[in-house]
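Here's the letter readout for the chains.
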Amino acid sequence: MTLYEEGTHVVVLNSAHPRTRQTATLMHEIAHIELEHVPADVSVSPSGLVLLSDYSADQEEEADWLGAALLLPEPALLDGRGRGLTTAAIARDYGVSEALCQWRCRMTGVEKRLAFRGRA
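Residues numbered from 1 in each chain as written. Predicted model: local features only at pLDDT ≥ 70, side-chain atom pairs only at ≥ 80, totals over all residues. Heavy atoms only, no water.

**Some words on unusual backbone geometry**
Rules: The numbering of helices and of strands both runs from the N terminus, where a helix is a DSSP run of H or I of at least 4 residues and a strand a run of E of at least 2.
With phi around 55°, Glu36 is a residue other than glycine that occupies positive phi space. Position of Glu36 relative to the elements: it lies in the loop between helix H1 (19-34) and strand E3 (41-44).

Now the structure itself:
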């Protein structure tokens, strides 16, 4: 969740989640902040902290895309896969899940472009 108090955003991560999930969640929340998304629902905690939540489906998708792109830039994927690294190796290098790395490779078309070049 993201808290907002007096001009400051604070992202709270679930410590029970794997580190790779925490990394993706943090970048997703930062994407919401950078994109200046306005949540559909805002709550106030008993102590007066503003809790931002329930973004629209479009905003959630936009934050997913930006967060993943910031964690795994397309040039890094092209370089890694072009050098023969597996998605698991790239994921380890960047501290993300293999599933996220595979998704980014599919969404950017990295695999198809490298296959076209004869390097995949």
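**A closer look at the environment of Met27**
Let me state the cut-off plainly: Two residues qualify as a contact provided that any one of their heavy atoms is within 4.5 Å of a heavy atom in the partner residue.
Of note, Met27 is situated in helix H1. As a C-alpha pair, Met27 and Val10 span 17 residues in sequence and 12 Å in three-dimensional space. When neighbours within four sequence positions are excluded, Met27 is seen to be in contact with Gly67, Leu70 and Leu71.

**With respect to a negative patch on the surface**
Convention followed: Residues form patches when they are more than 30% accessible in relative terms and have no salt bridge. Like charges link within 9 Å. Nonpolar side chains (Val, Leu, Ile, Met, Phe, Trp, Tyr) link within 5 Å. Reported accessibility uses the Shrake-Rupley method at a 1.4 Å probe radius. Residues are deemed covered only where the shown protein chains occlude them. Whenever a carboxyl oxygen of Asp or Glu lies within 4 Å of a side-chain nitrogen of Lys or Arg, that contact is scored as a salt bridge. For the charge count, each Lys or Arg is scored as positive and each Asp or Glu as negative, with His and the chain ends excluded. Where a charge sits is defined by one atom per residue type, namely NZ (Lys), CZ (Arg), CG (Asp) or CD (Glu). Accessible area is worked out with a 1.4 Å probe on protein chains only. A residue is then buried under 20% of its type maximum, exposed over 50%, and partly exposed in between.
Together, Asp58, Glu61, Glu62 and Asp64 give the surface a local cluster of negative charge. Looking at Glu62, the relative accessible area reads 40%, which means it is partly exposed.

**Remarks on the pairing of strand E1 (residues 2-5)**
Put simply, the rule reads: Two strands are said to pair when DSSP picks up at least two bridges between them.
By the bridge criterion, four bridges tie E1 to strand E2 (residues 8-11) in an arrangement that is antiparallel. When the sheet's bridge partners are listed, Thr2 is paired in E2 with Val11. The antiparallel hairpin formed by E1 and E2 contains two residues in its connecting segment, where Glu6 sits at a positive phi of about 50°.

**Some points on a nonpolar patch on the surface**
Among the surface-exposed residues, Met1, Val10 and Val12 lie close enough to one another that they form a single nonpolar patch of about 250 Å² accessible area. Tracing the backbone through its elements, the reader meets Val12 in the loop between E2 and H1.

**Overview of the packing of H1 against helix H2 (residues 57-71)**
Definition in use: For helices, the fitted axis covers only the stretch in contact; all axes are lines through C-alpha atoms, and the angles between them, taken along N-to-C directions, range from 0 to 180 degrees. Note on terminology: angles under 35 degrees are roughly parallel, angles over 145 are roughly antiparallel, angles of 65 to 115 are roughly perpendicular, and the others are oblique. Crossing chirality is assigned from the near helix's rotation relative to the far helix, an anticlockwise turn below a right angle marking it left-handed and a clockwise turn marking it right-handed. For this scheme, ten residues count as nonpolar: Ala, Val, Leu, Ile, Met, Phe, Trp, Tyr, Cys and Pro. Four count as charged, namely Asp, Glu, Lys and Arg, and the remainder, Gly too, count as polar.
Where H1 contacts H2, the two axes come as close as 8 Å, and the packing angle between them is 120°. On the basis of their axis angle, the class for H1 and H2 is oblique. Judged by the sense of rotation from one axis to the other, the crossing of H1 with H2 is right-handed. Here Thr23, Ala24, Met27, His28, Ala31 and His32 of H1 come into contact with H2, specifically with Gln59, Glu60, Ala63, Asp64, Leu66, Gly67, Leu70 and Leu71. Broken down by class, the residue content of the contact of H1 with H2 amounts to seven nonpolar, five polar and two charged.

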